[in-house]
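# Understanding the architecture of this molecule
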Amino acid sequence: MINQDRLINTFFELVKMDSPTGGEHHVAEYLTTKLRALGFQTRMDALLNLTAFLPGKGAPILLSAHMDSVPPCHGIQPRIVDGVIQSDGTTILGGDDRVGVAAILEALTVIHENHLPHPPVEIAFTAQEEPGLIGSTALDCSQFKAQWGVVFDYGDPVGKIILSAPGTWNMDITITGRAAHAGGEPEKGINAIAVAVEAISQFQVGRLDAETTANVGMIQGGVARNVVPETCTVTAETRSLRQTKLERQKKTMVRAFERAAKKHRAKLDIQLKHAYPLFRLPARAPIVQHVSAALERIGRAPLLGVAGGGSDANVFNARGIACVVVSMGVENVHTTKEFVPVSELVKTAELALEVTRSV
Ligand SMILES: [Zn+2]
């Protein structure tokens, strides 16, 4: 029932519209027109999050994908080479996440033109997902009645169901010591870089266990070789699939900086931001069963998995809507080598159709 040519055409139209984070209006307006033609009532908020509603019979379902892309994403020129959709190599493709958007739209079009029975359908096409779920975090989720949903936003071949994704603490640390001549009177200085290094040496980075990671991503400080550096800034994060571990690791990292700063009488400023909450659904959760059955109907074996990063599903789950994330066959995301096979684009639309229509 999926119309492959129409689907490819929609996907091409979508990626040809520039949609950087914060500049999603072309895509949002295009989708508003399309959804209204399919009978949806639509709403757009100040951040350009687009929500849409179609009445139906049964338990409402939320379908979601994000509209923004990471750079370089201006002037995307999609093309098909040997059954694979790619960019011209100067930009990303935008398959993350407009494969999800196009697949949902195609599924809704098929339901509309064939008068297929369906539950109430609720759509969240979010803005500003890429820099850290900004759109979904600001979204008024009280407009949704759905208690379950599917977020189309994962890379592997169609078949994967993400049940769990980590929560994250972001840390921006500024150490202020005292500048001094490095050769003449170093004892008058407080070396902010040395304080940072001492702190960082007190905790583990990388994979801490199967569920928890930590990273120091950036460190900046100093002005010249012969000056004791007055300031040093450190950008760090920790992620975990378990709340207790996440909090424990955050505390360990914060304490290490506090101790080192105190010892050397440096000033310390730590900005902590809970980037997004973690989520964990059990394999027996109704939405997992629902999506697994849909995958089996389209001939794909469901594969349950865990994500290493957040998506809008983290936000929806935190707001009480049990959402899984599904894979769409997009590879090399966030690079100019991003691609999606036509067959996976079609499978993603088939999946969107099967999770949405009543069976
Ligand atoms: Zn994405």
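Rules behind the numbers
Residues numbered from 1 in each chain as written. Predicted model: local features only at pLDDT ≥ 70, side-chain atom pairs only at ≥ 80, totals over all residues. Domains from an automatic or database assignment. Contact = placed C-beta atoms within 7 Å. Nonpolar A, V, L, I, M, F, W, Y, C, P; charged D, E, K, R; others polar. Pairing = 2+ DSSP bridges. Helix = DSSP H or I, 4+ residues; strand = E, 2+ residues; numbered from the N terminus. Axes fitted to C-alpha atoms, helices over the stretch in contact; angles between N-to-C directions. Expected span 1.5 Å × (residues − 1). Buried ≥ 20, exposed ≤ 12 C-beta atoms within 10 Å, placed from the backbone. Arc of directions from axis to C-beta. Core = buried A, V, L, I, M, F, W, Y, C linked by C-beta atoms within 7 Å. Parallel < 35°, antiparallel > 145°, perpendicular 65-115°, else oblique. Left-handed = near helix turned anticlockwise from the far one by under 90°.

### Some remarks on the domain arrangement of the protein chain
By the assigned domains, the protein chain splits into domain 1 (4–165 + 278–356) and domain 2 (167–276). Across the contact, 9 residues belong to domain 1 and 8 residues belong to domain 2. Tallied by class, residues from the side of domain 1 that touches domain 2 come to 4 nonpolar, 4 polar and 1 charged.

### Here we look at the sheet that holds strand 19 (residues 339–341)
Pairing is antiparallel in the open sheet, where 3 strands are placed in the order 4-5-19. Sheet topology places strand 4 (79–81) and strand 19 at the edges, where each strand pairs with a single neighbour. Each strand axis lies, on average, 30° off the axis of its neighbour in the sheet, ignoring direction. Where helix 9 (residues 342–356) meets the sheet, its contacts fall on strand 4, strand 5 (84–86) and strand 19, and the angle it forms with strand 19 comes to roughly 75°.

### As for helix 7 (residues 286–297)
With 12 residues, helix 7 should reach 16 Å at 1.5 Å per residue; the first-to-last C-alpha distance of 17 Å fits that figure. Residues Ile287, Val291, Ala294 and Leu295 constitute the buried set of helix 7. Burial along helix 7 is one-sided: seen end-on, the buried residues are contained in an arc of 100°. The exposed residues of helix 7 that point more than 90 degrees off its buried face are Pro286 and Gln289. Where helix 7 is buried, its residues touch strand 7 (148–154), strand 8 (160–165), strand 18 (322–327) and helix 9.

### Some thoughts on the nonpolar core
Judged by nonpolar contacts, the single largest core of 101 residues is most densely connected at Ala103, Ile104, Cys323, Val324, Val326 and Ala352. Of all the elements, helix 3 (residues 95–113) adds the most residues to this core, at 10 residues. Of the residues that make up this core, three or more belong to each of domain 1 (4–165 + 278–356) and domain 2 (167–276). The residues contacting Val324, other than those within four sequence positions of it, are Val150, Ile161, Ile162, Leu163, Leu281, Ile287, Val288, Val291 and Ala313.

### Remarks on helix 6 (residues 243–264)
With 22 residues, helix 6 extends 32 Å between its outermost C-alpha atoms, agreeing within 8% with the 32 Å of an ideal straight helix rising 1.5 Å per residue. Three or more residues of helix 6 are buried, namely Leu246, Gln249, Lys250, Met253, Phe257, Ala260 and Ala261. Buried positions in helix 6, seen along its axis, are confined to an arc of 105° and lie on one side of it. Across helix 6 from its buried face, at more than 90 degrees, point the exposed residues Gln243, Thr244, Lys251, Lys262 and Lys263. In this structure, the buried side of helix 6 is in contact with strand 9 (167–176), helix 5 (192–200), strand 11 (206–209), strand 12 (212–221), strand 14 (231–240) and strand 15 (267–276).

### As for the packing of helix 1 (residues 4–16) against helix 3
The geometry of helix 1 relative to helix 3 is characterised by a closest axis approach of 9 Å and an angle of 135° between their N-to-C directions. Taken together, helix 1 and helix 3 sit at an angle that is classed as oblique. For the crossing formed where helix 1 meets helix 3, the hand is right-handed. Facing Arg6, Leu7, Thr10, Phe11, Leu14 and Val15 of helix 1, the residues of helix 3 in contact are Arg98, Val99, Val101, Ala102, Leu105 and Glu106. Considering only residue class, the contact of helix 1 with helix 3 consists of 8 nonpolar, 1 polar and 3 charged.

### Remarks on the sheet that holds strand 15
A sheet is described by the order of its strands in space; here 5 strands give the open sequence 11-12-14-9-15, paired in antiparallel fashion. Looking at the sheet topology across the chains shown, the edges are occupied by strand 11 and strand 15. Across this sheet, the average inter-strand angle for adjacent strands is 20°, counted without regard to direction. Alignment of strand 12 against strand 14, held across 9 bridges, turns out to be antiparallel. In the strand pairing of strand 14, Gly221 is matched with Cys232. Its contacts with the sheet place helix 6 against strand 9, strand 11, strand 12, strand 14 and strand 15, and it is angled at close to 165° to strand 14.

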